[in-house]
Amino acid sequence: MGMFSQDQQTKPKSMGDAAAEGAVSVLWRFFTGDHLDGKPRTNATWTHRGTKSTREDGRAANKWDHLMRLERMGVRLAASTIAAGTAYEYTQAPEATLLGIEATGLSAASYTAAYMAFRTTDGLLTWRHRRDWVWPLHIVLSKLLALPEGTKPSSYISLPMDFNEITGSALRVTVPADWSGGEAKGGVTTAIREKLALQDVTFSWHMDGRNHYVEATQSPRPRSKVLFSDLEVQALVDAAKESAPLIGLSHRNTTVSVDLDAESPHLLVSAGTGGGKSVILRAIFAQLLHNGAIGVVLDRKRHSHKWARGIPGVTYCRDIEDIHDELVRLGIEGDRRNRIVDDWEGEGDAPVGARMAILLEEVNATIGKLKRYWAEIRTKEDPKESPAIAALAEILFMGRAVKMHVLAVGQSMTAAALGGPEMRENFSTRILARYTRNAWNMLVPEVQPAPKATRHIGRAQVVLGGTAHETQVLFMTDAEARAWATSGTGVATSQGRTSSVHLGKEAATVAETGPGSTPPASGGEGGQLPGPRLAGGPGAITMEGFETQMEMAFAPAAVAEKENPITLKEATETGVLTASLGAARRASQRDEEFPANVGKGKGGSFLYWPEELRRWERNRPKAGNSTDAD
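Enquirer: Run through the packing of aromatic side chains, naming residues and quoting values.
Expert: The full count for this structure, using the stated rule, is 9 aromatic pairs. Consider the rings of Trp133 and Phe163, whose centres lie 5.4 Å apart with planes at 70 degrees: the pair is edge-to-face. Of this pair, Trp133 sits in helix H5 (residues 94-144) while Phe163 is found in the loop between strand S1 (157-158) and strand S2 (168-174), placing the two residues 30 residues apart along the sequence. A single burial state applies to Trp133 and to Phe163, both of which are buried. With centroids separated by 4.9 Å and ring planes inclined at 45 degrees, the aromatic side chains of Tyr435 and Trp440 adopt a geometry described as tilted. Judged by its relative accessible area of 0%, Trp440 falls in the buried class. Taken together, the ring pairs connect Phe594, Tyr608 and Trp616 into an aromatic cluster. Arg172 extends its terminal NZ or CZ atom over the ring of Tyr213, reaching a point 3.4 Å from the ring centre. Between Arg309 and the ring centre of Tyr316, over which it is positioned, the NZ or CZ distance is 5.2 Å.

As structure tokens, this is what we get:
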């Protein structure tokens, strides 16, 4: 008997016995909330949810696996109870039970359909947000936090779609409970700041208790409006440096400005429709005029800056032939100033004259028009390149010393639109609003990723030195801009009126040779006209005569054409003006853009330069032309 019992004990279990034990084990695991195969997926316990995956295959555990064991047990017991109760009810009242199952199934199907519709709609609305912001951040953080492969970004990253417009908690990232952090915290905060292009943000770490996470808090955003009518804002504008007009306010009411003398001589504004291009330029241009700058507006749209028409010291060109001629004259003026700088041996800045602000509207359309205009008027002896575009390039390549600043504005500021990539690179400061990703990558590829664009009116990114500053730009009404522009320092002439710059070829030459001299038949080296020489040597002029020379350099364009000034009557009789004599006289008294007289003739009638009258005739408001009416 003893031997028989020992043989029975050592005898292998039958397949039935093994199956029975296996079934019991599965049932035990099922009703106690364990995994059916007995292999844990996470570090979850009976009373604590899991914080990391422990799968041997390296895959991420799902949400069910992260539940505490009591939660899984409760769900399984509830499901089993419902199933058993339904089966029992069916044996007692089959028809009623089937009706109940049908109603329950219909409700579940409706709920499922509604939930799927919600998730689908939410996915369509947020897929770009997840692709552009959440996923790139997840790629970096998953390595820094040592997360298991397959971890979903949504399981630990909470990033609202409007995070770039939120003041306060803008982001929350849950970290594993066993993640020590240490020096790696710096890498996490750097990744968040760079991947989301956050500005002026602080981080707070919460590593105590059961929930571990880091929270990014955005400092107060730029104010929603920066109005010139606000006395506080007016004080900031008034206190701004002469060469650094106020652009707007950033976070914590920090002023944003660019010093045209020390940082960036030229500004480039790129914005989509409704991005406030003209608003930005209006505020900057008005401040420069207030501080004594000479203004030139090249406006192919004809009506972008109507507020500046007729302001003393501002030349407003709307027709393409006028824009062409003005750029050529500005090129001559830039060359003259550049030569003064080259010859200057004194201390401080060279006496090149007043600061000049050149506002170039809609660069894309204007450059194309200039090319076509030159193709129509050029002769075989003329160069293929438009001299106006060449002059613009020369001005852009000149430094701060000549005090000539181009404020260019457009929508898609491609290299071709500006006449070449070299010309675009001269704009050290670039202001972008309502931009696309392509526009950002084209204009400021060194700043990545691109800050998320906003539809907030007046909100722009001012980029200087590889850093983007979120800015609420200064808003001036037309009346405020005009009043501020005319209330500052003017550039007076001998006629008691601020002069517009209209330099012709001979006018620039007279500036060097003096009145009464015979201009040379051709220019200096490379076909360029020589400018005044202030240092010693041949052709040098004294400082005492410099102001006289400068005044001659700013003579009207009619000097270049050697036309004599005429009266309004003579202008109407000779066809210089097509308007009637009465209309011309009324305009001379009422129209702020009507040319200034240059003195009186023999009958006591005022005299005017013919070319100035022709310019006014071309640009005067016409009946029925709404875009050109004041």
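Enquirer: I'd like to hear about the sheet that holds strand S6 (residues 255-257), residue by residue, with values.
Expert: The 10 strands lie next to each other as S6-S5-S14-S13-S12-S7-S11-S10-S8-S9, forming an open sheet whose pairing is mixed. At either end of the open sheet lies a strand with only one pairing partner, and these are S6 and strand S9 (314-317). Direction aside, the axes of adjacent strands within the sheet are offset by 25 degrees on average. For strand S10 (residues 356-360) and strand S11 (residues 404-410), the ladder comprises 5 bridges, and the chain directions are parallel. When the sheet's bridge partners are listed, Ala357 is paired in S11 with His405. Across the sheet, helix H10 (residues 363-377) lies against S10 and S11, angled at about 105 degrees from S11, the strand it touches most.

Enquirer: Describe unusual backbone geometry, naming the residues involved and giving the relevant values.
Expert: Between Gln448 and Pro449 the backbone carries a cis peptide bond, its omega angle lying at -5 degrees. With respect to the helices and strands, Pro449 occurs in the loop between helix H13 (437-443) and strand S13 (459-464). For Arg252, which is not glycine, the phi dihedral falls at a positive 55 degrees. For Arg252, the location among the structural elements is in the loop between strand S5 (246-249) and S6. Residue Glu362 is not a glycine yet carries a positive backbone phi of 45 degrees. The topology assignment puts Glu362 in the loop between S10 and H10.

Enquirer: Can you break down the pairing of S13 residue by residue, with the values?
Expert: Here S13 lies mainly inside the structure; 5 of its 6 residues are buried. One ladder, built from 3 bridges, connects strand S12 (residues 429-433) with S13; its direction is antiparallel. If you follow Ile431 over to S13, its bridge partner there is Val462. Remark: 2 residues form the turn of the hairpin made by S13 and strand S14 (residues 467-473), two consecutive strands paired antiparallel; Gly465 in that turn has positive phi of roughly 65 degrees.

Enquirer: Could you give an account of the side chain of Thr567, naming the residues involved and the relevant values?
Expert: With respect to the helices, strands and loops of the structure, Thr567 is situated in the loop between helix H17 (558-561) and helix H18 (568-574). What makes Thr567 buried here is its relative accessible area of 15%. Apart from the residues within four sequence positions on either side, Thr567 is in contact with Ser605, Phe606 and Leu607.

Enquirer: Account for the nonpolar core, naming residues and giving values.
Expert: Grouped together as the largest cluster of nonpolar side chains are 42 residues, with contacts concentrated most on Ile284, Phe285, Trp307, Ile431 and Leu474. In terms of residues, this core owes the most to one element, helix H8 (residues 277-290), which gives 8 residues. In contact with Phe285, not counting residues within four places along its chain, are Gly295, Val296, Val297, Trp307, Ala357, Leu359 and Leu407. With 39 residues, the next largest nonpolar core counts Met356, Ile358, Leu360 and Leu396 among its residues.

Enquirer: Report on the packing of H5 against helix H6 (residues 184-195), specifying residues and quantitative values.
Expert: Interaxial distance between H5 and H6 falls to 10 Å at its minimum, and their mutual angle equals 165 degrees. One way to sum up the angle between H5 and H6 is to call them roughly antiparallel. Taken as a pair, H5 and H6 cross one another with a handedness that is right-handed. Where H5 abuts H6, its residues Trp133, Pro136, Leu137, Val140, Leu141 and Leu144 lie against Gly187, Val188, Ala191, Ile192 and Lys195. The residue makeup of the contact of H5 with H6, split by class, is 9 nonpolar, 1 polar and 1 charged.

Enquirer: A description of the sheet that holds strand S3 (residues 201-206) should follow, citing residues and the corresponding values.
Expert: With respect to topology, 4 strands assemble into an open sheet ordered S1-S2-S4-S3, the strand pairing being antiparallel. Across the chains shown, the open sheet's two edge strands, defined by having one partner strand only, are S1 and S3. As defined by bridge partners, S2 adjoins strand S4 (residues 213-218) across 6 bridges and the pair is classed as antiparallel. The partner of Ser169 across the bridge, within S4, is Thr217. The sheet strands contacting H6 are S2, S3 and S4, and the helix crosses S3 at an angle near 140 degrees.

Enquirer: Lay out H10 in plain terms, naming residues and giving numbers.
Expert: The end-to-end C-alpha distance of H10, which contains 15 residues, comes to 21 Å, matching closely the 21 Å that a straight helix rising 1.5 Å per residue would cover. Residues of H10 that are buried include every one of Val363, Thr366, Ile367, Leu370, Tyr373 and Trp374, and no others. With its buried residues spanning 130 degrees around the axis, H10 presents them on a single face. Opposite the packed face of H10, turned more than 90 degrees from it, sit the exposed residues Ala375 and Glu376. Those residues of H10 that are buried are in contact with helix H9 (320-343), S10, helix H11 (387-397) and S11.

Enquirer: How would you summarise the packing of helix H4 (residues 69-92) against H5 if you had to cite specific residues and measurements?
Expert: At a minimum axis separation of 6 Å, H4 and H5 run at an interaxial angle of 140 degrees. If you check the angle between H4 and H5, you find them oblique. The residues of H5 that touch H4, namely those facing Thr86, Glu89, Tyr90 and Gln92, are Pro94, Thr97, Leu98 and Ile101. When grouped by side-chain class, the residues that make up the contact of H4 with H5 number 4 nonpolar, 3 polar and 1 charged.

Enquirer: Which residues make up the environment of Leu298, and what are the values?
Expert: Secondary-structure assignment places Leu298 in strand S8 (residues 294-298). Take Leu298: its relative accessible area is 0%, and that puts it in the buried class. Discounting residues that sit within four places of it in the chain, Leu298 has contacts with Cys317, Ile323, Glu326, Leu327, Ile358, Leu359, Leu360 and Glu361.

Enquirer: For the pattern of salt bridges, give the residues involved together with the corresponding values.
Expert: Counted by the stated rule, this structure contains 17 salt bridges. Asp335 is paired through a salt bridge with Arg339; the nearest N and O atoms lie 3.0 Å apart. Of this pair, Asp335 and Arg339 both sit in helix H9, separated by 4 residues, roughly a single helical turn. Linked by salt bridges that have partners in common, Arg131, Asp132 and Arg437 make up one network.

Basis of the calculations
Residues numbered from 1 in each chain as written. Predicted model: local features only at pLDDT ≥ 70, side-chain atom pairs only at ≥ 80, totals over all residues. Heavy atoms only, no water. Phe/Tyr/Trp six-rings, centres within 6.5 Å; stacked < 30°, edge-to-face > 60°. Helix = DSSP H or I, 4+ residues; strand = E, 2+ residues; numbered from the N terminus. Buried < 20%, exposed > 50% of the residue type's maximum accessible area, 1.4 Å probe, protein only. Lys NZ or Arg CZ within 6 Å of the ring centre and 35° of its normal. Pairing = 2+ DSSP bridges. Axes fitted to C-alpha atoms, helices over the stretch in contact; angles between N-to-C directions. Contact = heavy atoms within 4.5 Å. Core = buried A, V, L, I, M, F, W, Y, C linked by side-chain atoms within 4.5 Å. Parallel < 35°, antiparallel > 145°, perpendicular 65-115°, else oblique. Left-handed = near helix turned anticlockwise from the far one by under 90°. Nonpolar A, V, L, I, M, F, W, Y, C, P; charged D, E, K, R; others polar. Expected span 1.5 Å × (residues − 1). Arc of directions from axis to C-beta. Salt bridge = Lys/Arg side-chain N within 4 Å of Asp/Glu carboxyl O.

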